[in-house]
Amino acid sequence: FQTAFPLFLADRLGYGATGTGLTLGFVGVVNTVVQLRLIGPISDRLGDRNTLVAGLVVGGIGVAGLAVAPNLALLLLALAPAAFGIALANPSLA
């Protein structure tokens, strides 16, 4: 994700290093909030397997939205569930 995403941003929105860094910073904030505050209660309620599945589904929906987002506002709207889903799925893989 971190390798191809900057190329996508450069092509889609004309972003350079600063815009890409800010966008990836947004992903980092979402990941941090999910993994520090939400992953425990969600995993306790759903179990590891269902948490992984939910993360993959939500992340997949977000990534699909990224593919069709024509501007920054819609890109950020799609990036939020993508980052949330990735953050939800990653701990279940460990």
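Everything below is about the structure printed above this text.
To start, this report covers the structure provided alongside it. Being a predicted model, the structure only gives us computed values, none of them experimental.

## Notes on the overall build of the chain
Looking only at helices and strands, the chain features 4 helices and 0 strands. Across the chain, helices and strands are ordered from the amino to the carboxyl terminus as α-α-α-α. Rg of the C-alpha trace for the chain: 14 Å, near the compact-globule value of 12 Å for 94 residues, within the 12% margin. Taken along its principal axes, the extent of the C-alpha atoms in the chain is 40 × 20 × 20 Å. Residue burial in the chain is summarised as follows: out of 94 residues, 29% are buried. A separation threshold of at least 6 residues defines the contact pool for the chain, and within that pool the share at least 24 residues apart is 71%.

## Describing the side chain of Ser-92
With respect to the helices, strands and loops of the structure, Ser-92 is situated in helix α4 (residues 72-93). At 3.5 Å, the side chain of Ser-92 and the backbone oxygen of Asp-48 are in polar contact. Beyond its immediate chain neighbours, meaning those up to four positions away, Ser-92 contacts Asp-48, Thr-51 and Leu-52.

## Describing the packing of helix α3 (residues 48-68) against α4
Here α3 crosses α4 at 155°, and the two axes come no closer than 7 Å. Looking at the two axes, α3 sits roughly antiparallel to α4. Regarding α3 and α4, the two cross each other, and that crossing is left-handed. Contacts between α3 and α4 involve Asp-48, Thr-51, Leu-52, Ala-54, Gly-55, Leu-56, Val-58, Gly-59, Gly-62, Val-63, Gly-65 and Leu-66 from the first element and Leu-75, Ala-78, Leu-79, Pro-81, Ala-82, Phe-84, Gly-85, Ile-86, Leu-88, Ala-89, Ser-92 and Leu-93 from the second. Taken together, the residues of the contact of α3 with α4 sort by class into 16 nonpolar, 7 polar and 1 charged.

## Re the environment of Phe-26
Relative to the elements of secondary structure, Phe-26 occurs in helix α2 (residues 17-46). A relative accessible area of 30% places Phe-26 in the partly exposed class. Along the backbone, Phe-26 and Gly-16 are 10 residues apart, and their C-alpha atoms lie at a distance of 16 Å. With near-sequence residues (within four places) excluded, Phe-26 lies in contact with Leu-76, Leu-79 and Ala-80.

Here is what the cut-offs are and how they apply
- Residues numbered from 1 in each chain as written.
- Predicted model: local features only at pLDDT ≥ 70, side-chain atom pairs only at ≥ 80, totals over all residues.
- Heavy atoms only, no water.
- Helix = DSSP H or I, 4+ residues; strand = E, 2+ residues; numbered from the N terminus.
- Rg over C-alpha atoms; globule rule 2.2 N^0.38 Å.
- Buried < 20%, exposed > 50% of the residue type's maximum accessible area, 1.4 Å probe, protein only.
- Contact = heavy atoms within 4.5 Å.
- Polar contact = N/O pair within 3.5 Å; in protein donor to acceptor, adjacent residues only side chain to side chain.
- Axes fitted to C-alpha atoms, helices over the stretch in contact; angles between N-to-C directions.
- Parallel < 35°, antiparallel > 145°, perpendicular 65-115°, else oblique.
- Left-handed = near helix turned anticlockwise from the far one by under 90°.
- Nonpolar A, V, L, I, M, F, W, Y, C, P; charged D, E, K, R; others polar.

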